[in-house]
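Residue-level structural notes
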Amino acid sequence: MLANKKILLCVTGGIAVYKAVALVSKLSQAGADVKVVMTESAREFVQPLSFQVMSHNDVYTDTFDEKDSAVIAHIDLADWADLIIVAPATANVIGKLANGIADDMVTTLLLAATSPVWIAPAMNVHMYEHPAVLRNIDRLSRDGYRFIEPSEGFLACGYVGKGRLEEPERITELVGRFFGQHDDRPLLGKKVIVTAGPTLERIDPVRYISNFSSGKMGYAMAEAAAALGADVVLISGPVAIDPPAGVHIEHVESAAQMLDAVLAHYGSADYVVKSAAVADYRPKAAHPHKMKKKEGDSVLELERTTDILKTLGEQKTHQCLIGFAAETNDAVAYGKGKLQSKNLDWIVVNDVTDPGGGFGSDSNVVTLIGKDGTERTFPAMEKKRLAGELLALIAAKGSDAQ
Ligand code: PMT
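Please read these numbers as outputs of a predicted model, since none were measured by experiment. (Residues numbered from 1 in each chain as written. Predicted model: local features only at pLDDT ≥ 70, side-chain atom pairs only at ≥ 80, totals over all residues. Heavy atoms only, no water.)

Within the chain one finds 14 helices and 20 strands. Against the 2.2 N^0.38 benchmark of 21 Å for 402 residues, the chain shows a C-alpha radius of gyration of 24 Å, consistent with a compact globule. Its C-alpha atoms give the chain principal-axis dimensions of roughly 85 × 50 × 30 Å. Taking all 402 residues of the chain together, 53% fall into the buried category. (Helix = DSSP H or I, 4+ residues; strand = E, 2+ residues; numbered from the N terminus. Rg over C-alpha atoms; globule rule 2.2 N^0.38 Å. Buried < 20%, exposed > 50% of the residue type's maximum accessible area, 1.4 Å probe, protein only.)

See below:
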């Protein structure tokens, strides 16, 4: 699959360096010619010899260690590569690259690179969530660098959270897709954020406000986007269904958490699909203890949540925004209003009182409306099939409609 492809792997210092050895092995097995450059800290974790054995190539560690007098190594390597991957990428190398610092072999060749550069971060969850790191990631995303998001799980530091280097098999699969010349999947190489399910707004530790969304429509959209080749981040409210294979899932509870999760990915996203049924109101104060019942009626004071989709519409730079409208009457007219007021590219309108669709059902009946004037009503069909048809149409017309 990767025959004749030249991949330069830049390895920086973290415990996940051992997974980079497996990555070289996977890429080499797939037929790629892999060369490795290591920082000094990376060499504290694994010896260059391991990478040399796996890649069958010299390993580069020092800007001034010129192995071939006919060329300058860091320029030659940068020119040689069809694709450069930084894995694991520490907060340090991300920060340096975001600020144009070139003080070792890895950062120097990264500034000299003209081929695509992918960055696979791995670090402690709190480091990954630090505003400076998020700012640097956002900046690099805007500069055209592609990030392979870390996954969630047990971290070597003892924490559980986001920060694990993506698995070598998955990175190899993404590289395969990138080079798949005969792959005609329309969302290949695109990052798609999908939100799904309800949000849950706490009243006290045992009560909440929510809605009947099962997540089926959103999960179907995520599965369809992955099948069309996209890198999918699925941001899900509390649901009782399993996530589709091959998508990154992030679990949230409230509208406020969903807003934060979506914004964290927004800068590097190509499409956002907002299928979630987000609460418009939440209790003004969530009581820390179970509220005791009293004689007579009680009034619960509510306040507005942030409209996530409207916020995305206001901050839109290049993203294609796809909203859903859950209506009970005059669905198309209300849907068109939301398309315009939230600055969307597309809106999927469903009348949730229709017996063929809506909340919880396996099927749905929708009208897709584009800001380019497209209007197409789909007959009742399985949400999974419908999701594929909606996204195929949007991907085919996406750039025209934007
Ligand atoms: O999950 P299922 O059981 O399969 O049901 C699917 C569904 C009916 C939930 C789905 O098809 C659907 O219609 N989702 C959108 C529900 C909704 O919140 O619609 P709305 O018309 O209230 O909101 C319009 C859009 O604004 C939506 O894309 C919504 O995600 C977004 N929104 C709304 C409020 C808010 N505070 N922030 C938002 O981003």
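What follows picks up the thread again.
The ligand sits among 30 residues. The nearest are Ser213, Ser214, Lys338, Asn350 and Gly360. In the environment of the ligand, an oxygen atom lies 2.6 Å from a nitrogen or oxygen atom belonging to the side chain of Ser213. Thr305 places a side-chain nitrogen or oxygen 3.4 Å from a nitrogen atom of the ligand. Within the complex, 96% of the 770 Å² of free accessible area of the ligand lies under protein. Looking at the shell around the ligand, the elements with two or more residues in it are α10 (216-227), α12 (308-315) and β17 (320-327). No other element matches β17, which puts four residues into the shell around the ligand. Taken together, the residues of the shell around the ligand sort by class into 12 nonpolar, 11 polar and seven charged. (Near = heavy atom within 4 Å. Polar contact = N/O pair within 3.5 Å; in protein donor to acceptor, adjacent residues only side chain to side chain. Areas by Shrake-Rupley, 256 points an atom, 1.4 Å probe, with all protein chains shown as cover. Nonpolar A, V, L, I, M, F, W, Y, C, P; charged D, E, K, R; others polar.)

Between helix α5 (residues 91-98) and helix α8 (residues 131-142), the shortest axis-to-axis distance is 9 Å and the interhelical angle comes to 50°. Here α8 runs oblique to α5, going by the angle between their axes. Crossing angle aside, the handedness with which α5 passes α8 is left-handed. Contacts from Ala91, Ile94, Gly95, Leu97 and Ala98 of α5 reach α8 at Val133, Asn136, Ile137, Arg139 and Leu140. Within the contact of α5 with α8, the residues separate by chemical class into seven nonpolar, two polar and one charged. (Axes fitted to C-alpha atoms, helices over the stretch in contact; angles between N-to-C directions. Parallel < 35°, antiparallel > 145°, perpendicular 65-115°, else oblique. Left-handed = near helix turned anticlockwise from the far one by under 90°. Contact = heavy atoms within 4.5 Å.)

A few words now on the sheet that holds strand β2 (residues 33-38). Judged by pairing direction, the sheet is parallel, and its six strands sit side by side in the order β3-β2-β1-β4-β5-β6 without closing on themselves. Strand pairing shows two members of the sheet lacking a second neighbour, β3 (59-60) and β6 (146-147), which therefore form its edges. Strand direction decides the pairing type here: strand β5 (residues 117-121) and β6, joined by two bridges, are parallel. Following the sheet pairing, Trp118 is matched in β6 by Arg146. Packed onto the sheet, helix α1 (residues 17-29) meets β1 (6-11), β2 and β4 (83-89) and runs at close to 175° relative to β1. Seen against the sheet, helix α3 (residues 48-55) touches β1, β2 and β3 and runs at an angle of roughly 170° to β2. (Pairing = 2+ DSSP bridges.)

The pairing of strand β7 (residues 151-154) with strand β8 (residues 160-164) spans four bridges and is antiparallel. Across the sheet, the residue bridging to Glu152 is Lys162, located in β8. Between β7 and β8, which pair antiparallel in sequence order, lie five residues; one of them, Gly158, sits at a positive phi of approximately 105°.

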